Amino acid sequence: MRMNRIRKAIFIIGIVGLVSSLEAVVPRKWELRTKDDFLKGKLDGISVSFEGVLSLAPKEDKLEGPAEDFYLSFLLGKDGIGYLGTGHGGKIYRIGKDGKAELYYQVQEMDITCLAMDAKGVLFAGTSPNGKVYKISGKDQGESFFNPEEKYIWDLAFSDDGFLMVAVGEAGGIYKINLQGEGQRVLKAEENHILCLQKSGGGDFLAGSGGVGVVYRLNAEGRTTVLFESSFEEIKSLALDADGNIYAACGGTPSRTKKEEAAEPPVRISTDVTVTASASAPSGAPMPTALLSSGKEPGALIRVRPDGIAKKLWESEDELIYSLLWKEGEKRLLFGTGNKGRIYTIDSDEKVSLLIQGSSEQVYALEPADTKIYVLADNPSRLTVFSSEQRSSGEYISDVLNARTISSWGRMEFDGQLPAGATIQIQTRSGNSFEPNSMWSDWSPPIQKRDEQILSPKARYLQLKVLFRTQSGNVSPWLQRVALFYLQANIAPLIQKLDLLAPNEVYLKPPDQEEVVWGAEESPAGRGQSQREDRSLHMAKKVERQGFQTVTWEATDENDDRLLYTISIRKDGENTWRAVKDGWRDSLFVFDTLSYPDGVYFIKLGASDLDSNPPGSELRSEKTSSPLVIDNSLPVVKSFTAARDRNSLEVAFQVEDSFSAIQGVEYLIRPGEWRVIFPADGVCDSRVESFKFRVPLPSNAEYLVTVRVTDRHHNIGVYRQTF
């Protein structure tokens, strides 16, 4: 870890420092030009194409819906009359052709989760919790039609032969009900919930489950097959195109670990199964998705071909798909998401564009009506209808630019198309808090030319707003790129760490075969020479080389300027710093201590941004190290005596070091090994130590004793004497 920190000696972090009036010489550019760039902002009446082009969105009209907490279901009858199911009051509203709502029917349960209508125009409603199916023949005229004794009724759909298909949870299954309210369970799933139904032709139905997101096919004879099993918790919605391709809205935290996903194929080809209840299935039932909190959940759009091959067309870490709508005439799919209230489209080329973004968090349902589409949204609850007609105005507000320091704003440039009668105006505002508030500047006067000076005051943060206008519903201004330039105020470099390696510790610069001391000003003769290479310290080998001292540091610059370093040294007790190296660029430096007398020293590191600023405008910072002890003197052995007494040897001597404490002492009498000995006081902790010991002598002992003394700075003194 330490070597990794050294390797990253110059990097960018988002801190606020003391700001100078002098400015760095290199301007920076902030640019928006891709779809993902623009989607980070807020869009009101603006579409974003796959290529990243902004234009006016389709016209959207809000209907005056009832004041209910949640809108959970919507059905448009053949006569153009709409029916709105709500929560938590269990109310159904009739929406007239004039868009006005009136209370139509109310049930005892809290939520109207789904609606269906038979060929005679009779309305059926599914409720939760304590799920029941109600049959409603007119205003305030209804009755309980079917009670499966399930907690949730998630979806309703009529078959071609007039049977009502009912998707339920929390036991998870599908019931087939006749016109008399009698029926039977035709699917009992392993999952806790069947969340959605989709007619697929020939009397078949598709179903999506919750607990584990599985797509089932249920044919007219009641035979069930698994078409696709996802790695997500739920299949929230299904859609089908004329070619038999199935589109599945997958969502929720993946129910499998990566290890499990790697062990199993992600796609299952259609397989006959016998579906039974699973005792291990989770027992908790999800609330209606519009009632969930606005926490981030992953979502994905999967297309399953008729041959069973699946492909992920879209995915997001924080947007969940709630609703799907296939537009056969346009050969494109619409899908509504949360929690940003967006409606996307994906065309036959699999290009995803943003059609519109609303003011509610979740787009809960999409209901087609000729050329129009009804949109059911929640948090807050809204019912709107949008058409192919284009709106006349829209607004885009960008994400906040963090310049990291107080900055001067330069010019703005943008690319787009302005047909006759269409205009684009760009405004900016700035401030020193990340969230725009009352302390920010007002929006600037509009910028209308393609290359114009930004008028907002100097600040750390900037935001831009683009106003789209057109006098005709047939043309729209286009915007495909916005770029602005800014100049950061110069801030002095920051030296965060200044460390001294242990004496004699150095890194050998890669490649290993060339043993060059990395960071040394120059390599002394015999120690290897090589041209300087930019290598990582984690690749370097740490070794000991006598007489070297390694200094390492971490330094940052808020402006990301290139830094030059000056390394200076001062002996304790002196006032003058002596430069060891100036104009150094690396993040470590090694110098030879053999040319310095023994003593206590300090190292000072200076960091300057001169390389990135005009002379005279550069800024500098300094940091001083902890004390550095330079000790190259060898410890010596004095007053040595060795007296033999038959088969033993009595040895006495004194060890002294001129500067540092003794670290360890060993002796050797061959053919024996080196043996550690302790001083008379028991601890090696001073510059002078006394030793006295007796050692037995084997018959073949050599008549020579050797003493090796090591001080705290790894200097080694050796003494030999015969006996």
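Computed from a predicted structure; not experimentally measured.

Colleague: Can you tell me about the overall build of the chain, naming the residues and giving the values?
Modeller: Helix and strand counts for the chain stand at three helices and 57 strands. Put simply, 59% of the contacts in the chain that link residues at least 6 apart link residues at least 24 apart. As displayed, the chain offers around 34100 Å² of accessible surface, 47% of which is attributable to carbon and sulfur atoms.

Colleague: An account of the sheet that holds strand β9 (residues 101-106) is needed here, citing residue identities and associated values.
Modeller: If you trace the four strands from one edge of the open sheet to the other, you get β6-β7-β8-β9, paired in antiparallel fashion. The sheet is open, and its two edges are formed by β6 (70-76) and β9, each paired on a single side. Put simply, the sheet's adjacent strands are angled 30° from each other on average, direction ignored. Bridge count between strand β7 (residues 82-87) and strand β8 (residues 91-95): four bridges; the pairing is antiparallel. Note that in β8 the partner of Y83 across the bridge is R94.

Colleague: Which residues make up the nonpolar core, and what values do they have?
Modeller: Judged by nonpolar contacts, the single largest core of 43 residues is most densely connected at L301, L324, F335, F468 and L484. Counting residues in hydrophobic clusters, the runner-up holds 21 residues, among them I569, F589, A607 and I630.

Colleague: Before we move on, can you summarise the packing of aromatic side chains with the specific residues and values?
Modeller: Under the criterion given, the structure shown has 25 aromatic pairs. Ring plane angle 20° and centroid distance 5.5 Å describe the contact between F640 and F653, whose orientation is recorded as stacked. On the criterion of sequence distance, the pair formed by F640 in strand β51 (residues 636-645) and F653 in strand β52 (residues 648-656) is long-range, its members being 13 residues apart. A residue is classified by how much of its surface remains accessible, and F653, at 4% relative accessible area, is buried. Through pairs of rings, three or more aromatic residues link up here, namely F640, F653, Y667, F691, F693 and Y719. Positioned above the aromatic ring of W674, the side-chain terminus of R708 is 4.0 Å from the ring centre.

Colleague: So what about the environment of Y719? Which residues, and what values?
Modeller: Topologically, Y719 is positioned in strand β57 (residues 716-722). Judged by its relative accessible area of 26%, Y719 falls in the partly exposed class. Look past the residues within four positions of Y719 in its chain and what remains in contact with it is V637, F640, V705, T706 and V707. Within the structure, the side chain of Y719 is placed 2.7 Å from the side chain of Q721, a separation counted as a polar contact.

Colleague: Can you tell me about the side chain of T337, naming the residues and giving the values?
Modeller: Examined against the element boundaries, T337 turns out to sit in strand β28 (residues 332-338). A polar side-chain atom of T337 sits 2.8 Å from a polar atom in the side chain of E319.

Colleague: Quick rundown of the side chain of R391? Include the residues and the values.
Modeller: Here R391 shows up in the loop between β33 (382-390) and β34 (393-397). Reaching out from R391, the side chain makes a polar contact with the backbone oxygen of P58 at a distance of 3.4 Å. With residues near it in sequence (within four places) discarded, R391 still touches D44, G45, L56, A57, P58, K59, E60, I356 and T470.

Colleague: Outline the layout of surface pockets, listing residues and values.
Modeller: In this structure, the largest pocket spans a volume of roughly 1600 Å³. Forming the walls of the largest pocket are 50 residues, and the residues nearest its centre are L115, D155, L156, L197 and E367. Going through the elements one at a time, β6, β10 (111-117), β14 (152-158), β18 (193-201), β22 (234-240), β27 (320-327) and β31 (362-369) are the ones with two or more residues in the lining of the largest pocket. Of the residues forming the lining of the largest pocket, the biggest block, six residues, is contributed by β22. Looking at side-chain class alone, the lining of the largest pocket contains 33 nonpolar, eight polar and nine charged residues.

Colleague: Hey, could you go over the pattern of salt bridges for me, with residue numbers and the actual values?
Modeller: If you walk through the whole model with that rule in mind, you get 30 salt bridges. Ionic contacts of the salt-bridge type, sharing partners, join the residues K29, E31, R33, E413, D415 and R481 into one network.

Colleague: Describe the pairing of strand β36 (residues 422-431), with residues and values.
Modeller: Counting buried positions along β36 yields eight of 10 residues, so the element is predominantly enclosed. Strand direction decides the pairing type here: β36 and strand β38 (residues 459-470), joined by 10 bridges, are antiparallel. The residue of β38 that forms the bridge with I424 is F468.

Colleague: Any details on the sheet that holds strand β11 (residues 123-128)? Residues and values, ideally.
Modeller: A sheet is described by the order of its strands in space; here four strands give the open sequence β10-β11-β12-β13, paired in antiparallel fashion. Either end of the sheet is taken by a strand with one partner, and the two such strands are β10 and β13 (141-150). On average, each strand axis in the sheet is inclined to that of its neighbour by 25°, with strand direction left out of account.

Colleague: Lay out the environment of W518 with the relevant residues and their values.
Modeller: Its place among the elements puts W518 in the loop between β42 (516-517) and β43 (541-544). W518 sits 11 residues away from Y507 along the chain, and the two C-alpha atoms are 5.6 Å apart.

Colleague: An account of the confidence of the model for the chain is requested, with residue identities and associated values reported.
Modeller: Averaged over all residues, the pLDDT of the chain equals 87, while 87% of them reach at least 70. In the predicted structure, residues 256-294 sits below a pLDDT of 50 and forms 90 contacts with residues beyond four places in sequence or in another chain. Across residues 525-535 the pLDDT falls below 50, and counting only partners more than four positions away or on other chains, this stretch makes 23 contacts in the model.

Colleague: Describe the environment of T127, with residues and values.
Modeller: With respect to the secondary-structure elements, T127 resides in strand β11. Since its relative accessible area comes to 0%, T127 is described here as buried. Along the chain, T127 and D111 lie 16 residues apart, while their C-alpha atoms are 5.5 Å from each other. A distance of 3.4 Å separates a polar atom in the side chain of T127 from a polar atom in the side chain of E109.

What counts, and where the lines are drawn
- Residues numbered from 1 in each chain as written.
- Predicted model: local features only at pLDDT ≥ 70, side-chain atom pairs only at ≥ 80, totals over all residues.
- Heavy atoms only, no water.
- Helix = DSSP H or I, 4+ residues; strand = E, 2+ residues; numbered from the N terminus.
- Contact = heavy atoms within 4.5 Å.
- Areas by Shrake-Rupley, 256 points an atom, 1.4 Å probe, with all protein chains shown as cover.
- Pairing = 2+ DSSP bridges.
- Axes fitted to C-alpha atoms, helices over the stretch in contact; angles between N-to-C directions.
- Core = buried A, V, L, I, M, F, W, Y, C linked by side-chain atoms within 4.5 Å.
- Buried < 20%, exposed > 50% of the residue type's maximum accessible area, 1.4 Å probe, protein only.
- Phe/Tyr/Trp six-rings, centres within 6.5 Å; stacked < 30°, edge-to-face > 60°.
- Lys NZ or Arg CZ within 6 Å of the ring centre and 35° of its normal.
- Polar contact = N/O pair within 3.5 Å; in protein donor to acceptor, adjacent residues only side chain to side chain.
- 1 Å grid on protein atoms, 1.4 Å probe; cavity = no way out; pocket = protein on both sides within 12 Å on 5 of 7 lines; lining within 4 Å.
- Points joined across faces, edges and corners; volume = space filled by probe spheres on them.
- Nonpolar A, V, L, I, M, F, W, Y, C, P; charged D, E, K, R; others polar.
- Salt bridge = Lys/Arg side-chain N within 4 Å of Asp/Glu carboxyl O.
- pLDDT = per-residue confidence, 0-100.

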